[in-house]
Amino acid sequence: MGYAKMLDKMSSAPGFIAALDQSGGSTPGALRLYGVSESDYQTEEDMFRLMHAMRVRIMSAPAFTGDKVIGAILFERTMDGDVDGEPVPTFLWEKRGVVPFLKVDKGLNAEENGVQTMKAMPDLDALLIRGREKGIFGTKMRSVIAHADKAGIAAVVKQQFEVGRQIIGQGLMPIIEPEVSIKSPTKQEAEAILRDEIAEQLDKLPAGETVMLKLTIPTVADFYAPLIAHKSVVRLVALSGGYTTADACEKLSHNHGMIASFSRGLTEGLRVSMSDDEFNASIAQTIDQIYAASVNKVG
């Protein structure tokens, strides 16, 4: 579905990436914020059906186009679903001009050395091939850093890049996401270690191999500027990390070259009870807010 055109858009177009990839563990919370309680569904299938309906409503909103939303990260079930009878990745790219990504990680291991690495992904190659055939451009995978432990952070980054190389090998663009918890008592120190470890791994990439990075908005504005400038980085995007939309946008606006990839920050004001006009107006306002923070920098 036009990898080169997608790469060009992801490299240089103004805008942000919508994260629509809540998986099984985070889906009940996301639905609850949307106004759907756990008493509204009995089975996991019902839960995912309601979640898909919410995502379709977002993707179908008039404001959800590639003019401001340049990419969307999908949960596997969302990738396999459809919008008005059309496969989701096809709908996003061909009808909306939005580059489709796929969340590929299977969750986190228990914390060790202040971090949570990703669980094993034995079926990753098969998933990547299926995603590529459906028109997916790239992938996303998340680890979590809770403390400024050098050995732990090095292990997280090493694993992220090892899997990233596997993804590149299947012809897809990996988004490397070692999230530093916004609740970490050593957040700034962890970010310093993380930046060095990522830079080291980037320098090891063979010529021509590129990645994207998804990082927590740093404590010090523009702290990740050296990573943004690295020849092997296509784009650096920010996760909202539990901040409110307003706080995330304010912090992001001070980081030049960093664009949003928000999940909760995107859906914060949406409710299942809204009329279509109310829903579309709310998502349009949020899209404008996140776009402005991604494009119009201060300081």
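So, here is what we can say about the structure in this document. Everything numeric here is computed off the predicted structure, so don't read it as measured data.

Examining the packing of aromatic side chains
Taken as a whole, this structure holds four aromatic pairs when the rule is applied. Taking 4.7 Å as the distance between ring centres and 35° as the angle between the ring planes, the aromatic pair formed by tyrosine 3 and phenylalanine 137 counts as tilted. One end of the pair, tyrosine 3, is in helix 1 (residues 3-12); the other, phenylalanine 137, is in the loop between helix 6 (124-133) and strand 7 (138-145), and 134 residues separate them in sequence. Consider the rings of phenylalanine 101 and phenylalanine 137, whose centres lie 5.5 Å apart with planes at 90°: the pair is edge-to-face. Placement of the pair is phenylalanine 101 in strand 5 (residues 99-103) and phenylalanine 137 in the loop between helix 6 and strand 7, with a sequence separation of 36 residues. The ring of tyrosine 291 has lysine 68 sitting right over it, with the charged end atom 5.4 Å from the ring centre. Above the ring of phenylalanine 223, the side-chain terminus of arginine 195 is found at 3.8 Å from the ring centroid.

Brief notes about the side chain of serine 143
If you trace the backbone, serine 143 turns up in strand 7. With relative accessibility at 0%, the residue serine 143 sits in the buried group.

Parameters and conventions
- Residues numbered from 1 in each chain as written.
- Predicted model: local features only at pLDDT ≥ 70, side-chain atom pairs only at ≥ 80, totals over all residues.
- Heavy atoms only, no water.
- Phe/Tyr/Trp six-rings, centres within 6.5 Å; stacked < 30°, edge-to-face > 60°.
- Helix = DSSP H or I, 4+ residues; strand = E, 2+ residues; numbered from the N terminus.
- Lys NZ or Arg CZ within 6 Å of the ring centre and 35° of its normal.
- Buried < 20%, exposed > 50% of the residue type's maximum accessible area, 1.4 Å probe, protein only.

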